[in-house]
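Structural features, examined
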Amino acid sequence: MGYMHQVFFGGKGVYACRDCHTHIALRSRVESRYTGQYGRAILFIDVVNVRAGSEDKRSMTTGVHIVRDIYCMKCHKYVGWTYIKAFEPDQRFKEGKFILERELVYDVTREWGVC
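Remember, it's a predicted structure, so these values are computed and weren't measured experimentally.

1. Side note on the side chain of Asn 49
Its place among the elements puts Asn 49 in the loop between strand E4 (39-44) and strand E5 (50-60). Asn 49 gets classed as buried once you look at its relative accessible area, which sits at 7%. At a separation of 2.7 Å, a polar atom in the side chain of Asn 49 contacts the main-chain carbonyl oxygen of His 23.

Written out as structure tokens, the structure is:
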């Protein structure tokens with residue numbers, strides 16, 4: 001396996017892996033906020049620098065979904081999941097989007113006092 005190029009965001013509103021600080025998402029790409037397995041969670045339109053695990057059918061508070069856990073590309077820590085399929089029609093807007101657990105990521109620019 002070769003070296004994987006990492007995306008690095010400049011500017012404000014950057015979310016990163018809490019363990020290794022790899023950039024994962026931009027605040028401007030937030031669609032909504034939810035409750036995840038570890039408390040607060042954020043639904044993003046897209047993310048970078050993650051790898052997806054295998055598909056899993058899960059029963060969640062919003063219905064049954066097929067999801068894949070996502071892991072930081074650098075340190076391989078779990079950071080959330082991506083929605084593959086939603087069985088409830090009113091939940092289909094989540095398909096192809098990503099949940100990041102707030103407990104497992106942090107806003108880099110807030111930590112730096114850039115905001």
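2. Regarding the environment of Thr 62
As for its position among the elements, Thr 62 is in the loop between E5 and strand E6 (63-72). Residue classification places Thr 62 among the partly exposed positions, given a relative accessible area of 26%. Expressed as a C-alpha distance, the spacing of Thr 62 and Glu 88, which sit 26 residues apart in the sequence, is 8.2 Å. Beyond its immediate sequence surroundings of up to four residues, Thr 62 is in contact with Glu 88, Gln 91 and Lys 94. Within the structure, Thr 62 has its side chain in polar contact with the side chain of His 65 (distance 3.0 Å). Engagement of the side chain of Thr 62 in a polar contact is seen with the side chain of Lys 94, the distance being 3.1 Å.

Criteria and thresholds
Residues numbered from 1 in each chain as written. Predicted model: local features only at pLDDT ≥ 70, side-chain atom pairs only at ≥ 80, totals over all residues. Heavy atoms only, no water. Helix = DSSP H or I, 4+ residues; strand = E, 2+ residues; numbered from the N terminus. Buried < 20%, exposed > 50% of the residue type's maximum accessible area, 1.4 Å probe, protein only. Polar contact = N/O pair within 3.5 Å; in protein donor to acceptor, adjacent residues only side chain to side chain. Contact = heavy atoms within 4.5 Å.

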